[in-house]
Amino acid sequence: MLTNKVQDALNAQINAEFWSAYLYLSMAMHFEAEGRAGVANWFHIQFKEEQAHAQIFMNYVNQRGGRVELKPIDAVPTSWASPLDAFKATLEHEQKVTSLINELFALAEAEHDYATRDRLTWFISEQVEEEDNCRQLIDKFRLVGDNGMGLYMLDNELAARTYTEPAPLASSAE
Ligand code: MG
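Just so it is clear, the model here is predicted, and its values are computed rather than measured. (Residues numbered from 1 in each chain as written. Predicted model: local features only at pLDDT ≥ 70, side-chain atom pairs only at ≥ 80, totals over all residues. Heavy atoms only, no water.)

**Notes on the overall build of the protein chain**
At step 1: Each helix and strand counted, the protein chain has six helices and zero strands in total.
At step 2: Ordering the α and β elements of the protein chain from the N terminus gives α-α-α-α-α-α.
At step 3: Compactness check: the protein chain gives a C-alpha radius of gyration of 17 Å against a globular reference of 16 Å for 174 residues, within 12% of the reference.
At step 4: By residue count, 43% of the 174 residues in the protein chain fall in the buried class.
At step 5: Sequence-distant contacts in the protein chain: of pairs separated by 6 or more residues, those separated by 24 or more amount to 80%. (Helix = DSSP H or I, 4+ residues; strand = E, 2+ residues; numbered from the N terminus. Rg over C-alpha atoms; globule rule 2.2 N^0.38 Å. Buried < 20%, exposed > 50% of the residue type's maximum accessible area, 1.4 Å probe, protein only. Contact = heavy atoms within 4.5 Å.)

The following block contains the structure:
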């Protein structure tokens, strides 16, 4: 059984993952409207990934005999000055998510809930990747600056991103 403290923290994390999904969907819609199809595609995949993160936590709560409580999702920003601006906001947001996951890990340890701690290790590595991806894209957008050809090529690069089901969901289907 999950302790109330752990269950509440997991439910808060589920809400945070849905907020992330909502944020990236908002970015996808904004850049689609701005004619940046590749950037929009990248954020649309990010939106799907965040929904998968929420799903992993929801599956886990149910697996442990807990109760998922879906809370309202707060409003998200709706416009960004440039893709660079949006990727900077994304990095900042993902750094916040990393600290949430770390706090959750510390709570699981304090509550001697080693199954939850174990589930969280996948998220810890995932956050390293999320932050690194963002940093690389920020570097690329800084490098091209206002260069039209550079921006066009970068948009094509982001258009090629495809969605892959995160490992914990792929394996829970077995
Ligand atoms: Mg996430």
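**Some remarks on unusual backbone geometry**
At step 1: Unusually for a residue other than glycine, His-112 sits at a positive phi of about 55 degrees.
At step 2: With respect to the element layout, His-112 can be found in the loop between helix 3 (83–110) and helix 4 (114–144).

**A word on the coordination of the magnesium ion**
At step 1: Protein ligation of the magnesium ion involves Glu-17 (OE), Glu-50 (OE) and His-53 (ND1), the donor distances falling in the range 2.1 to 2.2 Å.
At step 2: One chain supplies every donor for the magnesium ion, spaced along it as E-x32-E-x2-H. Of this pair, Glu-17 sits in helix 1 (residues 4–33) while Glu-50 is found in helix 2 (residues 37–63), placing the two residues 33 residues apart along the sequence.
At step 3: Owing to a relative accessible area of 1%, Glu-17 belongs among the buried residues under this scheme. (Donors = N, O, S within 2.8 Å, 3.2 Å for Na, K, Ca; no water.)

**What about the environment of Gly-38?**
At step 1: Residue placement: Gly-38 occurs in helix 2.
At step 2: Judged by its relative accessible area of 1%, Gly-38 is buried.
At step 3: Residues Gly-38 and Leu-154, spaced 116 residues apart in sequence, show a C-alpha to C-alpha distance of 7.9 Å.
At step 4: In this structure Gly-38 touches Asp-155, Leu-158 and Ala-159, once residues within four positions along its chain are discounted.

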